[in-house]
Amino acid sequence: MAEEHPILEVRNLKKYFKTPKGMLHAVDDVSFCIQRGKTLGIVGESGCGKSTTGRSILRLIEPTSGEVLFEGRDILRLSKDEMRRMRQKMQIIFQDPYSSLNPRMTISDIIAEPLRLHRLCSSSADCEKRVQRIMETVGLAERLVNSYPHELDGGRRQRVGIARALVLQPSFIVCDEPVSALDVSIQAQILNLMQDLQEQLHLTYIFITHNLSVVNHLADEIAVMYLGQVVEKAPAIELFEHPQHPYTKALLSAIPVPSLKKRTEMQPLTGEISSPINPPQTCRFAPRCPYACDRCTEGVPALRHLGGEHYVACCLCQQ
Ligand code: SF4
């Protein structure tokens, strides 16, 4: 059987910002690909470049260099008009549903806005019908059509954010910390909804989060980012069971376990985080790594293949 091409392939993506002190390397040579219908989790502390990666892929901010192949086309070379059409297929769900929804618009107008911008409705009745259908899909009651965002709780507001992203019938969605601003009890509902929608609509997700436990059941593959670079990438089960990079191990040890007996030893990170401005050409994790040695300062460790689909950027982890 012929191998399926990835829906998204990111090659050597870089996003640098000019600052008075020098170039800030927010995303520095990031590469990965995702198969259709799958979820790639991107995890790391705040400031590691995971959200900038997601936004650069959608060209919400323009990358400095690299390639982003979506269904085989490098979208960084598309004109404004071509990119506008492409955006129907590539959407984003934001972290804070309250600040991402216009407080002066009703729920139905918020959901219908992308349809109007892309001129996809043949009439107002058609628009209303599409809004109703998508509200039903994401579990929003019809009586809420004329409500305003401030009248809804956090979970319902995030359902509106999801409906707005889905109304254009995209095939790929960047989910940027979509449950971080929600109460724990609501988080599970939204995660279940996103999983159901993925199955029903055959969606492909990039799921960005600082919380590894959130992607545990959702992601097929996980990329761990540290200071703008991917330091480990593996199928989710493999990463949880056999983490290799010292940073991934520290992140996993910080996940709370609901059992006193099963508790693993925490590996708190000490040391200063390196500056992302003009970073040194060494392992960026070295100042916080308990295993750092002379070899770690000999250059930036490349992402090495460990076997299967497991890759690690650490000079101590080799096949
Ligand atoms: Fe730690 Fe060295 Fe590996 Fe970097 S390369 S993670 S400093 S052991």
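Residues numbered from 1 in each chain as written. Predicted model: local features only at pLDDT ≥ 70, side-chain atom pairs only at ≥ 80, totals over all residues. Heavy atoms only, no water.

1. Regarding the overall build of the protein
A count of helices and strands for the protein gives 10 helices and 12 strands. A globule of 319 residues ought to have a C-alpha radius of gyration of about 20 Å, and the protein, at 21 Å, matches this closely. Along the first, second and third principal axes, the C-alpha atoms of the protein reach 70 × 55 × 50 Å. Every one of the 319 residues in the protein was classed for burial, and the buried ones make up 48%. (Helix = DSSP H or I, 4+ residues; strand = E, 2+ residues; numbered from the N terminus. Rg over C-alpha atoms; globule rule 2.2 N^0.38 Å. Buried < 20%, exposed > 50% of the residue type's maximum accessible area, 1.4 Å probe, protein only.)

2. A look at the packing of helix α4 (residues 107–117) against helix α6 (residues 154–166)
Close contact between α4 and α6 brings their axes to 7 Å; oriented N to C, the two are set at 30°. Taken together, α4 and α6 sit at an angle that is classed as roughly parallel. Two packed elements cross with a definite hand, and for α4 against α6 that hand is right-handed. Contacts between α4 and α6 involve Ile 107, Ile 110, Ile 111, Glu 113 and Pro 114 on the former and, on the latter, Val 160, Ala 163 and Arg 164. Residue composition of the contact of α4 with α6, by class: six nonpolar, no polar and two charged. (Axes fitted to C-alpha atoms, helices over the stretch in contact; angles between N-to-C directions. Parallel < 35°, antiparallel > 145°, perpendicular 65-115°, else oblique. Left-handed = near helix turned anticlockwise from the far one by under 90°. Contact = heavy atoms within 4.5 Å. Nonpolar A, V, L, I, M, F, W, Y, C, P; charged D, E, K, R; others polar.)

3. Things to note about the packing of aromatic side chains
Evaluated as defined, the whole model comprises four aromatic pairs. Arranged with centres 5.0 Å apart and planes meeting at 85°, the rings of Tyr 226 and Phe 285 form a pair that is edge-to-face. Residue Tyr 226 is located in strand β9 (residues 221–226), and its partner Phe 285 is located in the loop between α10 (246–253) and β11 (304–307); the two are separated by 59 residues in the primary sequence. On the accessibility criterion, Tyr 226 (3% relative accessible area) is buried. Residue classification places Phe 285 among the buried residues on the basis of a relative accessible area of 2%. Just above the ring of Phe 17 sits the side chain of Lys 15; from NZ or CZ to the centre is 5.0 Å. (Phe/Tyr/Trp six-rings, centres within 6.5 Å; stacked < 30°, edge-to-face > 60°. Lys NZ or Arg CZ within 6 Å of the ring centre and 35° of its normal.)

4. Here's the deal with the site of the ligand
Surrounding the ligand, one finds 13 residues, the nearest of these being Cys 283, Cys 289, Cys 296, Cys 314 and Cys 315. When grouped by side-chain class, the residues that make up the shell around the ligand number 12 nonpolar, one polar and no charged. (Near = heavy atom within 4 Å.)

5. Observations concerning the pairing of strand β10 (residues 229–235)
Along any regular strand, the residues point their side chains to alternate faces of the sheet. With six of seven residues buried, β10 lies mostly within the body of the structure. When β9 meets β10, the two strands line up antiparallel, connected through six bridges. Counted as the bridge partner of Tyr 226 is Gln 229 from β10. Where β9 folds back on β10, the antiparallel hairpin that results is connected by two residues, among which Leu 227 adopts a positive phi of roughly 45°. Strand direction decides the pairing type here: β10 and strand β12 (residues 310–312), joined by two bridges, are antiparallel. In the sheet register, Glu 232 faces β12, and the bridge partner there is Val 312. (Pairing = 2+ DSSP bridges.)

6. Details of the environment of Ala 236
Here Ala 236 lies in helix α9 (residues 236–241). The buried category is assigned to Ala 236, whose relative accessible area is 4%. In this structure the C-alpha to C-alpha distance between Ala 236 and Ile 222, which are 14 residues apart in sequence, comes to 5.5 Å. Once residues lying within four places of it in the same chain are set aside, the contact partners of Ala 236 are Ala 219, Asp 220, Glu 221 and Ile 222.

7. Looking at unusual backbone geometry
Even without a glycine there, the phi angle at Asn 12 is positive, about 50°. For His 202, which is not glycine, the phi dihedral falls at a positive 55°. Along the chain, His 202 turns up in the loop between α7 (184–201) and β8 (204–209). For His 202, a relative accessible area of 48% puts it in the partly exposed group.

8. What to know about the pattern of salt bridges
Overall, the coordinates contain 15 salt bridges when judged by the stated rule. The salt bridge involving Arg 284 is made with Asp 28; its shortest N-O contact spans 2.6 Å. Linking Arg 284 in the loop between α10 and β11 with Asp 28 in strand β2 (residues 22–34), this pair joins segments that are 256 residues apart in sequence. Asp 28 sits in the buried class, given a relative accessible area of 6%. A salt bridge links Glu 45 to Arg 288; the shortest N-O distance between them is 3.1 Å. (Salt bridge = Lys/Arg side-chain N within 4 Å of Asp/Glu carboxyl O.)

9. Notes on the packing of α6 against α7
It is at 10 Å that the axes of α6 and α7 come closest, and there the two elements cross at 20°. Taken together, the axes of α6 and α7 lie roughly parallel to each other. Here α6 and α7 pass one another in a crossing that is right-handed. Contact with α6, carried on its side by Gly 155, Gln 158, Arg 159, Ile 162 and Leu 166, involves Ile 186, Gln 189, Ile 190, Leu 193, Met 194, Leu 197 and Leu 201 of α7 and no other residues of that element. Residues that form the contact of α6 with α7 fall into these classes: eight nonpolar, three polar and one charged.

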